Amino acid sequence: MSLGRRKEKQAELFIPATQIAKGSGHPFYSKLNDVLAQSRFDALVEELCEPFYKDGGRPGIPPGVYFRMLFIGYFEGISSQRGIAWRCADSLALRGFLGFTITGATPVHASMTLIRQRLSEDVFDRVFGFTLETLNEGGFLKGKAFGVDATTLEANAAMKSIVRRDNGASWKEFLTELAKAEGMENPSDEDLRRLDRKRKGKKTTNKEWKSATDPDSRVTKMKDGRTHLAYKAEHTVQLESQAIVSAHVTHADRGDCETCPESMEHAQKNLSEAGAEAALEELVADKGYHSIETLAHCAECEVRTYIPERKQKRKWTDKAPEAQTDYRANRRRTRGTKGKRLNRQRSERVERTFAHVCETGGSRRSWLPGLTHEF
């Protein structure tokens, strides 16, 4: 066989449709389309999105196509709408997944932005509920042990935008007042930076500072060690099926023990609405969730806990006898064979959801511009 050499060829003016090269389609996307068709996904999202559109005019992009493009961005790790639109236009397999022929024009990134701004949060929550219902119908939502964990997501606000909560002064104005108090009449920027480095008790607390552009964001330490304005995302995962049954975003300065009851409530609600027989009976978490209040709340809800305790000296003088009972029962369960096994599963499977959503799915590279609901 001789060596083939690439040559530039003039494009033909007319090509018969039977001669167009077509791929066999990606097996994953073909199977996913079958599952969506059996579950009447397109009819559901069209009914949910209909109130957000007007009667008459040029037909917009079908909601089923829009959500499929979001699926593609998650499955293929594309963090931008431009990248999703380009990938869909370039791939024959994805064109088939979206329902476009070789001659059809796929949606552009600007259309995705308009649709995202048009739809409310309830629509996306309902699509999440549809996912849980589909998993339940397939028999995947099973197991009584659930793991919970949280991470930080960067806010769409810079540290330079923070202002004082009491008088609204910016960081520079605040330092200027300190410089004048020390006798500097017209301090330069270098003088302010030198003063800021040397002053004692320098802290940027959320009680004293807030963002002027995004008041819901909070100053916090990110996973990579940077201090930034951020939010907190918390997942509740069914350990056996590895399905995310609850995911909500709240203020970054809220502790794990404070947000844990909310995640439990959301998980129970989502499972109930999905018609699942499984219920949250066992809770597995890391040391950050260990507190007397968390253990008491779980005991009141008849949920067994497997939460490792922190290394600290504890005094029981101001605690009720029931608190000691819950504390020692949790210690006994955590140190047992089952407790160690569940904590190994939590370390693997709950952390994996953040890797999928935040890293592969691109959420780590997304910037959040505020909260819709207050917690």
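These notes cover the structure that comes with them. These numbers were taken from a predicted model, which means no experiment stands behind them.

### Some thoughts on the packing of aromatic side chains
- Throughout the structure, instances matching the rule amount to 14 aromatic pairs.
- On the numbers, 5.4 Å between centres and 75 degrees between planes, the contact of Phe 28 with Tyr 29 is edge-to-face.
- According to the relative accessible area criterion, Phe 28 is partly exposed, its value standing at 38%.
- Overall, Tyr 29 belongs to the buried group, its relative accessible area being 6%.
- Taken together, a centroid distance of 5.3 Å and an interplanar angle of 90 degrees make the contact between Phe 174 and Trp 209 edge-to-face. Here Trp 209 lies in strand β3 (residues 209-211) and Phe 174 lies in helix α8 (residues 171-181), a separation of 35 residues in the sequence.

### A look at helix α1 (residues 27-38)
- Between its first and last C-alpha atoms α1 spans 17 Å; for 12 residues at 1.5 Å apiece the expected length is 16 Å, and the two agree.
- Here α1 has its buried residues at Tyr 29, Leu 32, Asn 33 and Leu 36. For α1, the angular spread of buried residues about the axis comes to 105 degrees, placing them on one side. Facing away from the buried side of α1, by more than 90 degrees, are the exposed residues Pro 27, Lys 31 and Gln 38.
- Where α1 is buried, its residues meet α2 (41-49), α3 (63-75), α5 (92-98) and α7 (121-137).
- Looking at the residues trailing α1, positive phi occurs at Arg 40, about 55 degrees.

### A closer look at the pairing of strand β5 (residues 227-238)
- Most of β5 sits out of view: 11 of its 12 residues are buried.
- In this structure, strand β1 (residues 145-154) lies alongside β5, joined through 9 bridges in antiparallel fashion. When the sheet's bridge partners are listed, Phe 146 is paired in β5 with Gln 238.
- The pairing of strand β4 (residues 218-221) with β5 spans 4 bridges and is antiparallel. The residue of β5 that forms the bridge with Val 219 is Leu 229.
- Remark: 5 residues form the turn of the hairpin made by β4 and β5, two consecutive strands paired antiparallel; Gly 225 in that turn has positive phi of roughly 95 degrees.
- Here β5 runs beside strand β6 (residues 243-251); their pairing, made up of 8 bridges, is antiparallel. From the neighbouring strand, Gln 238 faces β6, where its bridge partner is Ala 243.
- Taking the residues between adjacent antiparallel strands as the criterion, β5 and β6 are bridged by 4 residues, where Gln 242 takes a positive phi near 60 degrees.

### Regarding the layout of surface pockets
- Here the second largest pocket defines a volume of roughly 550 Å³.
- At the level of elements, α2 and α6 (109-118) are the ones that each hand at least two residues to the lining of the second largest pocket.
- Broken down by element, the residue count for the lining of the second largest pocket peaks at 4 residues, all from α6.
- A class-by-class count of the residues in the lining of the second largest pocket yields 8 nonpolar, 4 polar and 5 charged.

### Things to note about a nonpolar patch on the surface
- A cluster of nonpolar side chains, Phe 28, Tyr 74 and Phe 75, forms an exposed patch at the surface whose accessible area comes to about 260 Å².
- Mapped onto the fold, Phe 28 is located in helix α1.

### As for the nonpolar core
- Leu 141, Val 245, Met 264, Leu 280, Leu 283 and Tyr 289 are the most contacted members of the largest nonpolar core, which has 25 residues in total.
- For this core, the secondary structure elements donating two or more residues are β1, β6, α10 (256-273), α11 (292-300) and α12 (321-335).
- With 4 residues, the single largest contributor to this core is α10.
- Setting aside anything within four residues of it in sequence, one finds Leu 141 in contact with Leu 132, Leu 135, Asn 136, Gln 238, Ser 241, Ala 243, Val 245, Leu 271, Ala 276 and Ala 278.
- Membership of the second largest hydrophobic core comes to 24 residues, among which are Val 65, Ile 72, Leu 98 and Val 127.

### Describing the pattern of salt bridges
- Evaluation of the coordinates by the stated rule reveals 20 salt bridges.
- Two residues, Glu 190 and Arg 197, come together in a salt bridge whose shortest N-O distance is 3.9 Å.
- Accessibility expressed as a relative area gives 34% for Glu 190, which makes it partly exposed.
- Residue classification places Arg 197 among the exposed residues on the basis of a relative accessible area of 55%.
- Note that Asp 191 and Arg 194 form a salt bridge whose closest N and O atoms lie 3.0 Å from each other. Of this pair, Asp 191 and Arg 194 both sit in helix α9 (residues 189-198), 3 residues apart, which is roughly one turn of the helix.
- Residue Arg 194 is classed as partly exposed on the basis of its relative accessible area, which comes to 33%.

Calculation rules
Position numbers for residues start from 1 in each chain and track the written sequence from start to end. Two thresholds apply to this predicted model, a pLDDT of at least 70 for residue-level local features and 80 or more for giving and counting side-chain atom pairs, whereas whole-chain, interface and lining totals are computed over all residues. Side-chain calculation: all heavy atoms of the structure are included, whereas hydrogens and water are not. Ring pairs shown here join Phe, Tyr and Trp side chains whose ring centres sit within 6.5 Å, with only the six-membered ring taken for Trp; geometry is labelled stacked below 30 degrees between planes, edge-to-face above 60, and tilted in between. Think of it in three bands: with a 1.4 Å probe and only protein chains considered, a residue is buried below 20% of the maximum accessible area for its type, exposed above 50%, and partly exposed in between. Helix numbers and strand numbers start at the N terminus; a helix is a DSSP run of H or I with at least 4 residues, a strand a run of E with at least 2. Here a helix's expected span is defined as the number of its residues, less one, multiplied by 1.5 Å. To obtain the arc, one takes the directions from the helix axis to the C-beta atoms. The criterion used for residue contact is that any of the two residues' heavy atoms lie within 4.5 Å. By this definition, two strands are paired if DSSP reports at least two bridges between them. Site definitions follow a grid-based scheme: protein atoms alone, a 1 Å grid, a 1.4 Å probe that fits but cannot get out for cavities, and for pockets an open set with protein on both sides within 12 Å along at least five of seven lines, plus lining residues having an atom within 4 Å of a point. Grid points are joined across faces, edges and corners, and a volume is the space filled by probe spheres set on the points. Residues were grouped as follows: Ala, Val, Leu, Ile, Met, Phe, Trp, Tyr, Cys and Pro as nonpolar; Asp, Glu, Lys and Arg as charged; and all remaining residues, including Gly, as polar. Patch criteria: residues need more than 30% relative accessible area and no salt bridge. Like-charged residues are merged within 9 Å; nonpolar side chains of Val, Leu, Ile, Met, Phe, Trp and Tyr are merged within 5 Å. Only the protein chains shown count as cover for residues, and all accessible areas are computed by the Shrake-Rupley method using a 1.4 Å probe. Definition used for salt bridges: Asp or Glu carboxyl oxygen within 4 Å of a side-chain nitrogen of Lys or Arg. Here, nonpolar core refers to any group of buried Ala, Val, Leu, Ile, Met, Phe, Trp, Tyr and Cys residues whose side-chain atoms link them within 4.5 Å.

Geometric values such as these leave the question of function open.
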